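Structure at a glance
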Amino acid sequence: MPIIVQKYGGTSVGDTECIKNVARRIVAEHDAGNQVVAVVSAMGDSTDELLKMAHEIATDPPERELDMLLSTGERVSVALLAMAIHELGRTAISLSGNQAGIQTNTVHMKARITGVETGRLIEELESGKIVLVAGFQGVSPVEDVTTLGRGGSDTTAVALAAALGAKLCEIFTDVDGVYTADPGIVSDARKIDAVSYGEMLEMAATGAEVLMLRSVEYAQKYGVPLHVRSSFTDQPGTWIREEDEKMEKAVVSAVTHTNDESKLTLLRVPDRPGVAATVFGALAAADVNVDTIIQNVSEQGTTDISFTVNQSDLPGAQKALQAIAGNLGVAFLIDNDMGKVSIVGAGMKSYPGVAAKMFGTLASAGVNIEMISTSSIKISCVIKRGQVEKAVRALHQAFNLAKPA
Ligand code: ADP
Ligand code: ASP
Ligand code: MG
């Protein structure tokens, strides 16, 4: 019997009525002759609410305890979903990440999955049960609960699909699929029918939060086809798979953005070999993900280096820099008010003038570019946070991405 892995996001299990709706969808898939594993997120905004409580109690809550706390959100929804499925007369079993065999490293709050022990899952599926797994969590080698970072249930689902050899991983969410821009910001954004792993990786990395970046990396590595679709309709959504002839190969497929960048600038950095390695080595050791980096022209033996990190990594970055700044004789500045706008498209590889058009569009919209980074299929500009929405709309229009009126 084919195995299908489904994942339902927070809005899809936002209240008990939504949970009953999800139960009906899962049962329909099961009754159609599939073995179903469903991964669920915490209900609605409950992860944010748990985080808020933690920060009302402690200024810097221990990450181990945060993981214990946050993992409860997914346990609530998975247990309620099991009850809803029992009400429909089918047998389901809910499992925590640990019980489902999700093994991770020891990095709390953004653990990486290191393996999936599928024995229990297969046993439960073989006995005819629908298996429900609490997303976003796993267990470390020292038996502590870990969580996978925001949006981590996507990664749980893809990891399970890969480990179980599922024919498909369906990501059910609150939009109809992957759009040419965040539909919450651009009202005429268009749903994309199919997109390659490569483009989706760039989109997720530059802020299209509809899929967690690591889930796309995992899907590409193990060749798991993804179908992102709405849990509230039966419409087909967006397929994410290897690039093929049928895909559009648009010069620009989507405009993405983030609102949570912090820019750090190191002043008067000695311009000699090994200094950048020391700085970025210290950040890597603190598990800080560094994004755009620029180094200025050196003057009188010193230079300035600026880079961006996600706001959530700012405390870790500050700590790491403070520890080395004295020895290097450098000071650093923080600008916590940044965002980023990006254009992504497989076709831009072989099409000149895309960058010029992007920069010209931003200039006409009065948006100042502070940093630029590129890959062969993406151009990103770091800009002030307050200008992000305006920039996204201007680029979406300039590259003709809107759905036909
Ligand atoms: P879930 O709780 O189901 O995991 P998320 O909130 O993580 O849902 O992701 C879905 C949201 O992602 C959408 O509501 C939408 O606002 C946002 N989003 C951002 N960029 C895009 C995009 N390009 N296409 C679709 N959704 C996007
Ligand atoms: N509940 C977690 C979050 O809000 C994980 C997820 O929804 O995927 O980030
Ligand atoms: Mg999500």
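The following paragraphs examine the structure supplied in this document.

Parameters at a glance
- Residues numbered from 1 in each chain as written.
- Chains lettered and ligands numbered in written order.
- Predicted model: local features only at pLDDT ≥ 70, side-chain atom pairs only at ≥ 80, totals over all residues.
- Heavy atoms only, no water.
- Near = heavy atom within 4 Å.
- Polar contact = N/O pair within 3.5 Å; in protein donor to acceptor, adjacent residues only side chain to side chain.
- Areas by Shrake-Rupley, 256 points an atom, 1.4 Å probe, with all protein chains shown as cover.
- Nonpolar A, V, L, I, M, F, W, Y, C, P; charged D, E, K, R; others polar.
- Pairing = 2+ DSSP bridges.
- Helix = DSSP H or I, 4+ residues; strand = E, 2+ residues; numbered from the N terminus.
- Axes fitted to C-alpha atoms, helices over the stretch in contact; angles between N-to-C directions.
- Contact = heavy atoms within 4.5 Å.
- Buried < 20%, exposed > 50% of the residue type's maximum accessible area, 1.4 Å probe, protein only.

Inspection of the region around ligand 1 gives 15 residues, with K7, T173, D174, Y179 and D182 positioned closest. Here an oxygen atom of ligand 1 and a side-chain polar atom of K7 are 2.9 Å apart. The side chain of D174 places a nitrogen or oxygen atom 2.9 Å from an oxygen atom of ligand 1. Burial of ligand 1 by the protein amounts to 83% of the accessible area it has alone, namely 580 Å². For the shell around ligand 1, the residue count by class is seven nonpolar, four polar and four charged.

Moving on: the sheet that holds strand β3 (residues 92–95). What the eight strands build is an open sheet, ordered β3-β6-β2-β1-β9-β11-β12-β10; its pairing is mixed. The open sheet has two free edges, formed respectively by β3 and β10 (194–196), since each of these has just one partner strand. Averaged over all pairs of adjacent strands, the angle between their axes in this sheet comes to 20°, without regard to strand direction. Where helix α6 (residues 197–205) meets the sheet, it contacts β10 and β12 (238–241), and its direction lies at approximately 85° from that of β10.

In this model, F136 sits at a positive phi of 75°, which is unusual for a non-glycine residue. Relative to the assigned elements, F136 resides in the loop between β6 (130–134) and β7 (137–139). Among the residues examined, F136 registers a relative accessible area of 4% and is labelled buried. A positive phi angle is found at D287, which is not glycine, with a value near 60°. According to the relative accessible area criterion, D287 is partly exposed, its value standing at 37%.

By the criterion of burial, strand β1 (residues 3–8) is predominantly enclosed, with six of the six residues buried. Residues I3, V5 and K7 of β1 are buried on one face, and the alternating residues I4, Q6 and Y8, pointing to the opposite face, are buried as well. Alignment of β1 against strand β2 (residues 35–40), held across six bridges, turns out to be parallel. Looking across to β2, one finds that Y8 is bridged to V40.

With that settled, the discussion passes to the site of ligand 2. Surveying the vicinity of ligand 2 reveals the residues S41, A42, T47, E74, F136, R150, G151, G152 and S153. S41 places a polar side-chain atom, nitrogen or oxygen, 3.0 Å from an oxygen atom of ligand 2. Contact distances for ligand 2 include 2.6 Å between a nitrogen atom and a side-chain N or O atom of E74. Compared with its free state, where it exposes 260 Å², ligand 2 has 86% of that area covered by protein. Here the shell around ligand 2 is composed, by residue class, of two nonpolar, five polar and two charged.

It is worth spelling out the sheet that holds strand β13 (residues 254–270) at this point. Taken in spatial order, the six strands line up as β14-β15-β13-β16-β18-β17 in an open sheet, and their pairing is antiparallel. The open sheet is flanked by β14 (290–295) and β17 (371–375), the only strands paired with a single partner. On average, adjacent strands in this sheet sit at an angle of 30° to one another, irrespective of strand direction. Looking at chain direction, β13 and strand β16 (residues 331–344) are connected through 11 bridges and run antiparallel. The residue bridging L266 from the neighbouring strand is F332, located in β16.

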